[in-house]
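This is what each chain is made of:
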Amino acid sequence: MTLSSAPSTGHATDLIELLRQVFDPEYPGVSIVDLGLVQTARVQPGPDGPEAQVGLIPTFSGCPALAMIKDDVESTVTRLSGMPCVVTWLPTPVWDSSRLTAHGRAQLASEFTVVLRNRDGSLRCPVCGSNDVADQSMAGPTRCRSIAWCDDCRNAVEVLR
Amino acid sequence: MRTWTDLESFEHFIDDGGIVEAGDDMPEPYRQEVFRFIEFHANSEMMGGLTERDWIPKAPGLRLKQIFLAKTQDEIGHAHLLYMVAADMGVKTRTEMLEDLFAGRSRFHNVFHYQAVTWGDQIAIAYLVDAAALASQRAVFAQCSYGPYKRILKRIIAEEGFHMRHGEEMLLRMAEGSEVQREMFQQALNRWWGPAVQLFGPNSSPDDPLLKWKIKSELNENLRHAYVQRYVPLLHSYGFTIPDPELRQEDGKWIIGDIDWEPLKATMRNGGPDSRRRIENAAGNWADTAWVRDALALATAGAA
């Protein structure tokens, strides 16, 4: 992680590195950057030195983790860089699963058995790689996931939507 | 599909850290024990979700309603995943498990056999009971030998950890609140401390098959002891009193008084203080939604 320039001459690129240290409360170890929640990250001069301004977008409106993520970002950035940090939840753009990074997808699949739908709507099992995966329920344990079942290896799979 | 010639070779496989998959030809006693354990977990998530739901309209403020809505969805979703994995083991279908639960023929966690009287109870559940349940789930996840269960446990644990943070936040508001709020939580603590420490179960028997087959990775009494070490000082630091006159420190460790196991045994017979009302309530929901299942069955038959 490059922290050499912070805090006296902070840069947005360094800020992104700091945001990689903030994990989603429901996916420990998966960063909000990899989940595609970060829309803007700026370091601007303030009255007492540089200040971080972070604009985030929620996966789903009404997500119960929003207040927690905001607190986590503000406290992590300040702790690691010494800069004050202000987080704003942005109404647009609307989040969709294409915002995930390749690393984020790989982590969700291998560690949480959570996958994205393929372009043609099909599903690939994150456990055995089979395409024999059938939707079970539109509603999963969270608003952003539905439930499917792999008929090959017989594992419950969740789909980020 | 893997097969084992006898129980001994299967147990060697488990001892070496082997993970059993759904298609494996697992020994029948293992299948039965693991199934019963997952069914119990599923039932508990279901009954827990119904409890959370009851408090959505009563939660003070929009933010807390949002949290209780999300927790309800989490618990019912966890139940759904667990019932899928349990049904796949071929012992009972999902419908049979639900019908047994709603007819009072099944078991679920002791803590869902008590009534939540005030908002303070709901916080005690979120702060104390969820923490106890999470500690035992983590101990199952640690070595869990059944792959399909271990994979859903990973997500369940992540979400339950998130609930605990909500519980801590709600507790802090009560602890820093007025005397009325503090007293409300103290009363709730008096009601829930006992059920929370009993949740881990009586001291483990050394030949518990769940330990041998690595569904459980830790003795019940060790989990309870670790929980007591963490929560006694936390509750004391907020100025609350633990309702246990025999609570004491020995060599720097907190020791709780002897536990009366009769209340736990009663809940396992569905004879707890609120068992009957809760099961009837859940059974009523099941009956009221029969038309949805019927319509779905007809739609599926029509499409085929």
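The structure we're discussing is the one just above.
Keep in mind the model is a prediction, meaning the values are calculated, not measured.

S.K.: Can you walk me through the overall build of chain A in this structure?
M.R.: A tally of helices and strands in chain A yields three helices and nine strands. Counting from the amino terminus, helix and strand elements in chain A follow one another as α-β-β-β-β-α-β-α-β-β-β-β. Here chain A, with 161 residues, has 36% of them falling under the buried criterion. The long-range share in chain A, meaning contacts at least 24 apart out of those at least 6 apart in sequence, stands at 49%.

S.K.: Teacher, can you tell me more about the pairing of strand β4 (residues 49-56) of chain A here?
M.R.: On a regular strand, each side chain points to the face opposite its neighbour's, so the side chains alternate between the two faces of the sheet. Residues and elements named next belong to chain A. Bridge analysis of strand β3 (residues 38-46) against β4 gives eight bridges, and the strand direction is antiparallel. In the strand pairing of β4, Q44 is matched with E51. In sequence, β3 turns back onto β4 through a hairpin of two residues. Taken together, the five bridges between β4 and strand β5 (residues 85-89) define a ladder with parallel strand orientation. Bridge pairing in β5 places G55 opposite T88.

S.K.: Can you walk me through the environment of P202(B) in this structure?
M.R.: Residue and element names in this part refer to chain B. Tracing the backbone shows P202 in the loop between α7 (179-198) and α8 (209-212). According to the C-beta neighbour criterion, P202 is partly exposed, with 13 such atoms within 10 Å. Between the C-alpha atom of P202 and that of D24, which follows or precedes it by 178 residues, the distance is 32 Å. Beyond its immediate chain neighbours, meaning those up to four positions away, P202 contacts N220 and W261.

S.K.: Mind showing me how you'd approach the pairing of strand β9 (residues 156-160) of chain A here?
M.R.: All names here are of chain A. Most of β9 is tucked away, with five of its five residues classed as buried. Across the two faces of β9 the burial is the same, with A156, E158 and L160 and V157 and V159 all buried. Pairing of strand β6 (residues 114-116) with β9, which is carried by three bridges, proceeds in the parallel orientation. Paired with L116 across the bridge in β9 is L160. With five bridges connecting them, strand β8 (residues 145-150) and β9 associate as antiparallel partners. Bridge pairing links R145 to L160 in β9. Hairpin remark: β8 followed by β9, antiparallel, with five residues in the connecting loop; positive phi at R154, about 60°.

S.K.: Before we go on, may I ask you to explain the sheet that holds strand β7 (residues 133-137) of chain A in this structure?
M.R.: Backbone-to-backbone hydrogen bonds join strands into a sheet, with any given pair of strands oriented parallel or antiparallel. Residue and element names in this part refer to chain A. On the basis of which strands lie adjacent, the open sheet formed by four strands has the order β6-β9-β8-β7 and mixed pairing. Whereas interior strands pair on both sides, the edge strands pair on one side only; in this sheet they are β6 and β7. The sheet shows a mean angle of 45° between the axes of neighbouring strands, taken without regard to direction.

S.K.: Would you take a moment to explain the interface of chain B and chain A for this structure?
M.R.: Facing the 24 residues of chain B at the interface are 25 residues of chain A. Mapped by element, the contributors of at least two residues to the side of chain B that touches chain A are α3 (62-88) and α6 (147-175) of chain B.

S.K.: Explain the packing of helix α5 (residues 119-143) of chain B against α6(B) to me, please; I cannot follow it from the model alone.
M.R.: The description of two packed helices rests on the angle between their axes and on the distance between the axes. Residues and elements named next belong to chain B. At their nearest, the axes of α5 and α6 sit 8 Å apart, and the two run at 150° to each other. Classified by the angle their axes make, α5 and α6 are roughly antiparallel. In the crossing of α5 with α6, the sense of the turn from one axis to the other is left-handed.

S.K.: Explain helix α3 (residues 102-112) of chain A to me, please; I cannot follow it from the model alone.
M.R.: Given 3.6 residues per turn, any residue in an α-helix points the same way as the ones three and four places further on. Within α3(A) the residues assigned to the buried category are G104(A), L108(A) and F112(A). Along the axis of α3(A), the buried positions cluster into a sector of 35°, meaning they face one direction only. For α3(A), the exposed residues lying more than 90 degrees away from the buried face are A102(A) and S110(A). Contact partners of the buried residues in α3(A): β2 (27-31), β6 and β9 of chain A together with α6 of chain B.

S.K.: I'm lost on the nonpolar core in this one. Help?
M.R.: It is characteristic of soluble globular proteins that their nonpolar side chains tend to be buried jointly. Counting 105 residues, the largest nonpolar core has V157(A), A124(B) and V129(B) as the members making the most contacts within it. The element contributing the most residues to this core is α5(B), with twelve residues. Here this core gathers at least three residues from each of two domains, domain 1 (12-89) and domain 2 (113-160) of chain A. When sequence neighbours within four positions are dropped, the list of residues in contact with V157(A) reads T113(A), V115(A), L123(A), C125(A), P126(A), V133(A), A148(A), W149(A) and C150(A).

S.K.: Teacher, can you tell me more about α3(B) here?
M.R.: With 27 residues, α3(B) extends 39 Å between its outermost C-alpha atoms, agreeing within 8% with the 39 Å of an ideal straight helix rising 1.5 Å per residue. Within two residues after α3(B), G90(B) carries a phi angle of roughly 80°, on the positive side.

Cut-offs and rules
Residues numbered from 1 in each chain as written. Chains lettered and ligands numbered in written order. Predicted model: local features only at pLDDT ≥ 70, side-chain atom pairs only at ≥ 80, totals over all residues. Helix = DSSP H or I, 4+ residues; strand = E, 2+ residues; numbered from the N terminus. Buried ≥ 20, exposed ≤ 12 C-beta atoms within 10 Å, placed from the backbone. Contact = placed C-beta atoms within 7 Å. Pairing = 2+ DSSP bridges. Axes fitted to C-alpha atoms, helices over the stretch in contact; angles between N-to-C directions. Parallel < 35°, antiparallel > 145°, perpendicular 65-115°, else oblique. Left-handed = near helix turned anticlockwise from the far one by under 90°. Arc of directions from axis to C-beta. Core = buried A, V, L, I, M, F, W, Y, C linked by C-beta atoms within 7 Å. Domains from an automatic or database assignment. Expected span 1.5 Å × (residues − 1).

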